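# Notes for the structure review
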Amino acid sequence: MAASSQSRGGRKFWMLGGGIVLVIALYTGAWFYAASELKNTVLRAITPGNTAGVSGECADIDFRGYPFRIGLFCSKVDLDDTVNGVSASFGALRSAAQVYAPGHIVWELDSPAEIRTAHGLSVNAEWARLQSSLVTKLKGIDHSSTVIDGLKATAISSQTGQTINFDAAHTEIHLRQNGVDLDAAVSVTDSNTVIKDWPQLFPKLSASADVTLAGKAGMIDGSDKRGLYGAGGELRKVVADIGDGRVMTLTGPFSFDEEGYLSGKFKLEIDRLGPWRDSIKQTFPDVAKTVDTAAKLLKALAGGGDKVSVDLVVARGNVTVGGFIPLGSIPPI
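Residues numbered from 1 in each chain as written. Predicted model: local features only at pLDDT ≥ 70, side-chain atom pairs only at ≥ 80, totals over all residues. Heavy atoms only, no water.

Before going further, it helps to examine the pairing of strand β17 (residues 262-270). Across the two faces of β17 the burial differs, with L262, G264, F266, L268 and I270 buried and S263, K265, K267 and E269 not buried at all. Alignment of strand β16 (residues 247-256) against β17, held across seven bridges, turns out to be antiparallel. Within β17, the position partnered with M248 by the bridge is I270. Counting the residues between successive antiparallel strands, the hairpin from β16 to β17 contains five residues, one of them, G260, with a positive phi of roughly 90 degrees. (Buried < 20%, exposed > 50% of the residue type's maximum accessible area, 1.4 Å probe, protein only. Helix = DSSP H or I, 4+ residues; strand = E, 2+ residues; numbered from the N terminus. Pairing = 2+ DSSP bridges.)

This is how it looks when you write it as structure tokens:
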């Protein structure tokens, strides 16, 4: 009787032990699957375009945090989009999610970054800090937020020779799926933009943009098949503010053609034209005469007032005031 009881007790012990081992094995398998999905999701968030035809490489990849946290670390990230002709490289990547909320992911990315397209556009950037968070849904990324401090970027078009330099003390990017559309809100603080061979229109300023891209919800995670080529949308508002009520606002519909050229009809409103003129002349004394000429023209269009509203027409990258006074050209994306 005692032997039988001991035998049953031994079987229960081994069954319990086997059950524990099985649970640990299943949990471990699920953890590594979640870690793999974490890698794929973060790479989709970083990838500049459609993920079909995109290959990504995380150098020195390391999964950490087992068993209660899912972490992914790479010393360098390289991406290659053979469909859209885009290649990109970044510095070290660190990302993590809690096991009880694997769809809420936080990640950090180090500079430098280099992005090149088959259309001849190259972008080089560096920053002091880049942090992001995103929330996934059953299929794809629902929304994401990114904060960048100390951003410095240079964009060069080999087709036009145009060079654009941009820097900002603080940048925020918020993306959200809105049905089939993509809503984007971007803000920059203490930013400066210099466009080669253009008059330097803006001093250091803070700005925000609110835009909707029609039918482009999939761009948030790369599931969209075409990117910005052939896309259209509505620029609900872009605001540039240099303080003391000196504000510029730009609104209007826009589109990109299949070659990446921008077209659109925008309304530009300038509050306190005189102080804007004086501020720009003080910031960029070398173009004082050009600024005076432009201010006189805008004031004449406004009937002599200090609040100006003009139409900007962009036709395949060529920018004009009212469709007949040329300002310059914007390179394709």
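Next comes the rest of the description.
Put simply, S111 and P112 share a cis peptide bond, and its omega is 10 degrees. Along the polypeptide, P112 turns up in the loop between β7 (101-109) and β8 (113-117). Even without being glycine, D190 reaches a positive phi, approximately 50 degrees. Relative to the helices and strands, D190 is located in strand β13 (residues 181-195). Of note, the phi angle at R316 is positive, near 50 degrees, even though the residue is not glycine. Mapped onto the fold, R316 is located in the loop between β18 (308-315) and β19 (318-321).

Evaluation of the coordinates by the stated rule reveals ten salt bridges. Among the salt bridges present, the one from R176 reaches D183, with a minimum N-O distance of 2.9 Å. Because the salt bridges share partners, they merge into one network encompassing R176, D183, D210 and R236. (Salt bridge = Lys/Arg side-chain N within 4 Å of Asp/Glu carboxyl O.)

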